[in-house]
Amino acid sequence: GLRAAGVPREEVFVTTKLWISDYGYDSGLRAFDTSLRKLGLDSVDLYLLHQPMPNEWERTVAAYQAAEKLLADGRVRAIGVCNFSAKHLQDLIARSSVVPAVNQVEVHPYFVQRELREAHTRLGITTQAWSPLGGVNVYMPRDPRAPQNPLADPLIVALAARYGKTPAQIILRWHLQHGVSAI
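Residues numbered from 1 in each chain as written. Predicted model: local features only at pLDDT ≥ 70, side-chain atom pairs only at ≥ 80, totals over all residues. Heavy atoms only, no water.

1. Remarks on the overall build of the chain
Phase 1 of the analysis: Of the regular secondary structure elements, the chain holds eight helices and six strands.
Phase 2 of the analysis: Taking the principal axes of the C-alpha coordinates as reference, the chain spans close to 50 × 45 × 30 Å.
Phase 3 of the analysis: Buried positions account for 40% of the 183 residues belonging to the chain.
Phase 4 of the analysis: Contacts in the chain between residues at least 24 apart in sequence constitute 63% of all its contacts with a sequence separation of at least 6.
Phase 5 of the analysis: Element-wise, carbon and sulfur atoms account for 55% of the exposed surface of the chain, whose accessible area totals about 10,200 Å².
Phase 6 of the analysis: Treating the 20 positive side-chain charges of the chain as one cloud and the 17 negative ones as another, the clouds have centres 4 Å apart. (Helix = DSSP H or I, 4+ residues; strand = E, 2+ residues; numbered from the N terminus. Buried < 20%, exposed > 50% of the residue type's maximum accessible area, 1.4 Å probe, protein only. Contact = heavy atoms within 4.5 Å. Areas by Shrake-Rupley, 256 points an atom, 1.4 Å probe, with all protein chains shown as cover. Lys, Arg positive; Asp, Glu negative; His and termini not counted. Charge placed at Lys NZ, Arg CZ, Asp CG, Glu CD.)

Here's what the structure looks like:
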């Protein structure tokens, strides 16, 4: 897709993730090479660990140390994690030399994660929201009795009407005002 688009590589920010089955130091490096080959690239901008594995913490740490090597070698511009709690982050930082640039987590107006975002601020980590419009509530609701679609939430819809915006624009603005990177 990148080659067909004709967009210069420096104008595209590419992120990819290491899946948990490839955690470990050597396996993490091999998986990264596989990702680069599939993407047809020489480097990526952000490399993420998909999630912590508390029951296999040593593999998680080893995978992150592989990411640190990729960063030191200039094969990635930044490294980070996904779905890490504040405790996971503290434990990882204690065993590594590079603070994750990003923690990609579920964040939206129905799940604000205030304490985790505050931990990110203290640690210098960017909060990045997956499912920023709250879609996870539509396909996997925590409470079936609760509103399931933030895009149809009466308050969000009313704010959209008041400001001449769409509900999605209101939610994305909420992310920006809270310093969250929404993807």
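Now that the structure has been shown, the text picks up again.
2. Quick look at the sheet that holds strand 3 (residues 76-82)
Phase 1 of the analysis: The strand order across the open sheet formed by six strands is 1-2-3-4-5-6, and the pairing between neighbours is parallel. Here the strands that pair on one side only, and so sit at the sheet edges, are strand 1 (15-18) and strand 6 (181-182). (Pairing = 2+ DSSP bridges.)

3. Concerning the pattern of salt bridges
Phase 1 of the analysis: This model, assessed by the stated rule, comprises seven salt bridges.
Phase 2 of the analysis: Note that Arg77 and Asp45 form a salt bridge whose closest N and O atoms lie 2.7 Å from each other. With a gap of 32 residues between them, Arg77 in strand 3 and Asp45 in strand 2 (residues 44-49) connect regions that are remote in the sequence.
Phase 3 of the analysis: In this structure Asp45 comes out as buried when scored by relative accessible area, which is 4%.
Phase 4 of the analysis: With a shortest N-O distance of 2.7 Å, Asp73 and Lys69 are connected by a salt bridge.
Phase 5 of the analysis: Given a relative accessible area of 45%, Asp73 falls into the partly exposed group.
Phase 6 of the analysis: Owing to a relative accessible area of 34%, Lys69 belongs among the partly exposed residues under this scheme.
Phase 7 of the analysis: Through salt bridges with shared partners, one network takes in Arg9, Asp45 and Arg77. (Salt bridge = Lys/Arg side-chain N within 4 Å of Asp/Glu carboxyl O.)

4. Description of the side chain of Asp153
Phase 1 of the analysis: Structurally, the position occupied by Asp153 is in the loop between helix 6 (135-139) and helix 7 (154-163).
Phase 2 of the analysis: As a buried residue without a salt bridge, Asp153 has its nearest oppositely charged side chain in Arg162, at a separation of 13 Å.
Phase 3 of the analysis: In terms of polar contacts, Asp153 uses its side chain to reach the backbone amide nitrogen of Leu155, at 2.9 Å. (Polar contact = N/O pair within 3.5 Å; in protein donor to acceptor, adjacent residues only side chain to side chain.)

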